[in-house]
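Spelled out, the chains give:
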Amino acid sequence: MTTGRAVCRWALVACGLLWWWAVARLLLMPGSGALEGAVAAGGWGLSVLPVHCVPKARADGALAAGRWRRAWRPGAGPDEER
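Residues numbered from 1 in each chain as written. Predicted model: local features only at pLDDT ≥ 70, side-chain atom pairs only at ≥ 80, totals over all residues. Heavy atoms only, no water.

*Asks:* Just give me the short version of the confidence of the model for the protein, but keep the residues and values in it.
*Replies:* For the protein, mean pLDDT is 77; residues scoring 70 or higher make up 71% of the total. Mean pLDDT values over the elements of the protein span from 73, in helix H3 (residues 67–71), up to 88, in helix H1 (residues 3–28). (pLDDT = per-residue confidence, 0-100. Helix = DSSP H or I, 4+ residues; strand = E, 2+ residues; numbered from the N terminus.)

Set out below in structure tokens:
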């Protein structure tokens, strides 16, 4: 493993531990505050991000450009392709 990959892996582990610390503190300590909430919400948001960050051309089920305009034209049936 190269040095860059090892540093990246340890950075990910550290961020994961930081997120778990924030979530555990939110759940177990009644006095936890905005910092823990921000870390927990930010970590959750980043975990969802890769699911949605796919180029449209490579996404499964991606719609072709102009498909909705064609579908909403008057007289366009489901089998008619313009």
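Having seen it, we continue.
*Asks:* A description of a nonpolar patch on the surface should follow, citing residues and the corresponding values.
*Replies:* Together, Trp10, Val13 and Leu17 give the surface a local cluster of nonpolar side chains, amounting to about 360 Å² of exposed area. Residue position: Leu17 is located in helix H1. Residue classification places Leu17 among the exposed positions, given a relative accessible area of 58%. (Patch = residues over 30% accessible without salt bridge, like charges linked within 9 Å, V, L, I, M, F, W, Y side chains within 5 Å. Areas by Shrake-Rupley, 256 points an atom, 1.4 Å probe, with all protein chains shown as cover. Salt bridge = Lys/Arg side-chain N within 4 Å of Asp/Glu carboxyl O. Buried < 20%, exposed > 50% of the residue type's maximum accessible area, 1.4 Å probe, protein only.)

*Asks:* Outline the packing of aromatic side chains, listing residues and values.
*Replies:* The tally for this structure, following the rule as stated, stands at one aromatic pair. Where Trp19 meets Trp20, the ring centres are 4.9 Å apart and the plane angle is 80 degrees; that geometry is what we call edge-to-face. For Trp19, a relative accessible area of 23% corresponds to the partly exposed category. By relative accessible area, which is 56% here, Trp20 ends up exposed. (Phe/Tyr/Trp six-rings, centres within 6.5 Å; stacked < 30°, edge-to-face > 60°.)

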